[in-house]
Amino acid sequence: MEEYKESFIKPDDAIFIADANSLLIVVDTNRPDFVEYPQVLQTIQRVAVIDHHRRAASYIENFSISLHEPYASSTSELVTELLQYILSGTQDLKKEEAEALLAGIFLDTKSFTVKTGVRTFEAAAYLKQCGADTVEVRRLFNNNFDSYIKKYQIISNAEQTFPGVSISVFDENTERAIASQAADELINITGIKASFVVFAERDTDVAISARSYGQMNVQVVLEKLGGGGSLTMAGAQFANASVQDVAAKLNEALEEYLRETTQSEKETNESNR
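Anyway, here's the lowdown on the structure attached to this text. These numbers come from a predicted model, not from an experiment.

### Considerations on the side chain of Glu-201
Structurally, the position occupied by Glu-201 is in the loop between β6 (194–200) and β7 (205–212). At 2.7 Å, the side chain of Glu-201 and the side chain of Arg-176 are in polar contact. Those residues in contact with Glu-201 that sit more than four places away from it in its chain are Asn-173, Thr-174, Arg-176, Val-206, Ala-207 and Gln-237.

### A look at the environment of Phe-112
Relative to the helices and strands, Phe-112 resides in the loop between α4 (95–109) and α5 (118–129). C-alpha of Phe-112 to C-alpha of Ala-124: the two residues are twelve residues apart in sequence and 9.9 Å apart in space.

### Considerations on the packing of aromatic side chains
Enumeration over the complete set of coordinates arrives at four aromatic pairs. Taking the centre distance of 6.2 Å and the plane angle of 85° together, the rings of Tyr-59 and Phe-63 count as edge-to-face. A relative accessible area of 33% places Phe-63 in the partly exposed class. Look at Phe-106 and Phe-112: their rings are 5.1 Å apart centre to centre, the planes differ by 80°, and that puts the pair in the edge-to-face class. Judged by its relative accessible area of 10%, Phe-106 is buried. A relative accessible area of 21% places Phe-112 in the partly exposed class. Taken together, Phe-106, Phe-112 and Phe-121 form an aromatic cluster joined through their ring pairs.

### Concerning empty space enclosed by the protein
Per the counting criterion, the structure on display carries one cavity of 30 Å³ or more. Considering only enclosed or pocket space, the largest cavity measures out at about 30 Å³ in volume. For the lining of the largest cavity, the per-class residue count stands at one nonpolar, four polar and two charged.

### Points about a nonpolar patch on the surface
Among the surface-exposed residues, Phe-145, Tyr-148, Ile-149 and Tyr-152 lie close enough to one another that they form a single nonpolar patch of about 420 Å² accessible area. Turning to its location among the elements, Tyr-148 is positioned in helix α7 (residues 145–156).

Rules behind the numbers
In this convention, every chain numbers its residues from 1, walking through the sequence in written order. With the structure being a predicted model, the display of local features is reserved for residues of pLDDT at least 70 and the display and counting of side-chain atom pairs for 80 or more, all residues being used for whole-chain, interface and lining totals. The side-chain numbers reported here are obtained from all heavy atoms of the structure, hydrogens and water having been left aside. Here a helix means four or more residues in a row that DSSP labels H or I, a strand means two or more in a row labelled E, and each is numbered from the N terminus. By the criterion applied in these results, polar contacts are pairs of N or O atoms within 3.5 Å in which, for protein atoms, one can donate a hydrogen and the other can accept it, and in which residues neighboring in sequence qualify only through two side-chain atoms. Contacts are residue-level and defined by heavy atoms, with any inter-residue pair within 4.5 Å sufficient. Paired rings are identified among Phe, Tyr and Trp, the last through its six-membered ring, by centres lying within 6.5 Å, and are further divided according to the angle between planes into stacked (under 30 degrees), edge-to-face (over 60) and tilted (the rest). When accessible area is computed with a 1.4 Å probe and restricted to protein chains, residues below 20% of their type maximum are described as buried, those above 50% as exposed, and intermediate ones as partly exposed. Buried and open spaces are told apart on a 1 Å grid over the protein atoms alone, a cavity being a set of points where a 1.4 Å probe fits but cannot get out and a pocket being an open set with protein on both sides within 12 Å along at least five of seven lines. Residues with an atom within 4 Å of a point are the lining residues. Grid points are joined across faces, edges and corners, and a volume is the space filled by probe spheres set on the points. Charged means Asp, Glu, Lys or Arg here, nonpolar means Ala, Val, Leu, Ile, Met, Phe, Trp, Tyr, Cys or Pro, and polar covers whatever is left, Gly included. Think of a patch as exposed residues, more than 30% relative accessible area, with no salt bridge, where like charges cluster within 9 Å and nonpolar side chains (Val, Leu, Ile, Met, Phe, Trp, Tyr) cluster within 5 Å. With residues, only the protein chains shown are counted as cover, and all accessible areas are computed by Shrake-Rupley using a 1.4 Å probe. What makes a salt bridge here is a side-chain nitrogen of Lys or Arg within 4 Å of a carboxyl oxygen of Asp or Glu, nothing more.

Structure (structure tokens):
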């Protein structure tokens with residue numbers, strides 16, 4: 001949109017114009033290696049972190065403000081709550097901005113079915129008051145014909161490598177959004193606790209998109225591979241790797257996770273006797 005044309009700048013420009021009074025707001029991650037441009041994070045000294053993911057081993061330490069709530073449905077929910085205190089009225093938030101935030105809540109809660117609490121619906125109600133249209137939000141997730149076909153190619157390629165775990169290995173360059181949507185579809189299959197899509201993101205890069213409904217902690221699985229996320233939604237990225245090698249690493253991580261989970265359940269049962 002024309003009115004937002006001047007709102008975005010290049011990372012090098014941000015580093016050039018930053019001074020001692022600059023504030024960098026990092027959203028939807030608490031890990032310094034997960035930000036889009038680490039050089040900007042290293043340059044700006046005053047940092048605010050707004051995130052809902054579990055704290056990882058590597059954490060942004062040099063923050064001035066941290067709003068970190070792992071029990072929130074999404075970072076969009078946290079940002080919406082902040083806006084209610086900052087803005088004087090619903091007219092101060094544009095319709096398009098409200099829809100973008102509502103789309104974030106839709107995405108992280110799988111359309112209000114996962115990690116959804118009273119605060120989530122209160123945030124959504126506020127965004128509706130600001131003019132957000134749920135039909136328009138849904139349209140933001142629409143795909144073109146080629147992307148739709150590719151999504152179902154990924155789904156048809158899936159196998160149950162472990163009981164209740166669906167894994168699709170797709171050795172074609174794929175947009176991350178398409179792989180994520182395929183992972184979302186795979187957990188709707190009866191008996192599936194978690195789904196993983198391993199895909200080529202670029203010529204030499206590979207990524208994993210993982211989903212669950214909470215019966216399996218996909219964040220813990222992918223943290224073993226350097227990734228992260230939340231209980232129900234996680235991801236990992238690998239530079240200069242092959243899809244087959246990453247799939248093998250994922251299988252090893254799943255074996256380790258399932259072994260640890262079985263051992264933990266066994267110890268819990270024994271302690272309850």
